[in-house]
Amino acid sequence: FPVTIAVNYTLQSSDAGKIVVASGGITVTLNNSVFTAGDVFNIINNDSSTAQIAIGSGATVFIVGTSYTNTTFPLDPRRFLQIYCQAATTFYAISG
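Residues numbered from 1 in each chain as written. Predicted model: local features only at pLDDT ≥ 70, side-chain atom pairs only at ≥ 80, totals over all residues. Heavy atoms only, no water.

Undergrad: Report on the side chain of Asp15, specifying residues and quantitative values.
TA: With respect to the helices, strands and loops of the structure, Asp15 is situated in the loop between strand S2 (9-10) and strand S3 (19-22). We note that Asp15 is buried and unpaired, the nearest opposite charge coming from Lys18 at a distance of 5.3 Å. Polar side-chain contacts of Asp15 include one of 2.9 Å to the side chain of Tyr9. Setting aside residues no more than four positions away along its own chain, Asp15 makes contact with Val3, Tyr9, Thr10, Val20 and Phe41. (Helix = DSSP H or I, 4+ residues; strand = E, 2+ residues; numbered from the N terminus. Buried < 20%, exposed > 50% of the residue type's maximum accessible area, 1.4 Å probe, protein only. Lys, Arg positive; Asp, Glu negative; His and termini not counted. Salt bridge = Lys/Arg side-chain N within 4 Å of Asp/Glu carboxyl O. Polar contact = N/O pair within 3.5 Å; in protein donor to acceptor, adjacent residues only side chain to side chain. Contact = heavy atoms within 4.5 Å.)

Dropping the structure here:
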């Protein structure tokens, strides 16, 4: 079942296996030690504005060989991001 959000949102362990549908150019935050290895979650930016993915302190996300730690990166309009939890602080993502 999708989780629809229109305000800034922090991902929770209950979001694993779900699709988070964001609108309104919001920021979605991913913190460390929330997810378990093997968890997968998805974010769709269902808006014409760019959303931001914020990586909390201690977490690292790798996307196509680039690592992001304690920073933000854009999720362009009408884009999809799938994130796989490798360990409590390490994530791999693909976007399309």
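Past the structure itself, the notes keep going.
Undergrad: Describe unusual backbone geometry, listing the residues and the values that go with them.
TA: In this model, Val64 sits at a positive phi of 50°, which is unusual for a non-glycine residue. For Val64, the location among the structural elements is in the loop between strand S7 (60-63) and strand S8 (66-69). Of note, Asn70 is a non-glycine position whose phi angle comes to about 50°, a positive value. Position of Asn70 among the secondary structure elements: in the loop between S8 and strand S9 (72-75).

Undergrad: Got a sec to walk through the sheet that holds strand S1 (residues 2-5)? Specific residues and values, please.
TA: One open sheet holds the seven strands; their spatial order is S1-S3-S5-S10-S11-S7-S8, and the pairing between them is mixed. Unpaired on one side and paired on the other, S1 and S8 mark the two borders of the sheet. Strand-to-strand, the axes of this sheet are offset by a mean angle of 25°, without reference to chain direction. Here four bridges tie S7 to strand S11 (residues 90-95), and the two strands are oriented parallel to one another. Looking at S11, one finds that Val61 is bridged to Phe91. (Pairing = 2+ DSSP bridges. Axes fitted to C-alpha atoms, helices over the stretch in contact; angles between N-to-C directions.)

Undergrad: Could you give an account of the pairing of strand S6 (residues 51-55), naming the residues involved and the relevant values?
TA: Burial within S6 is extensive, with four of its five residues counted as buried. By the bridge criterion, four bridges tie strand S4 (residues 27-30) to S6 in an arrangement that is parallel. Bridged to Val28 within S6 is Ile53. Sheet topology places S6 next to S9; four bridges connect them, and they run antiparallel. Among the inter-strand pairings, Gln52 is bridged to a residue of S9, identified as Pro74.

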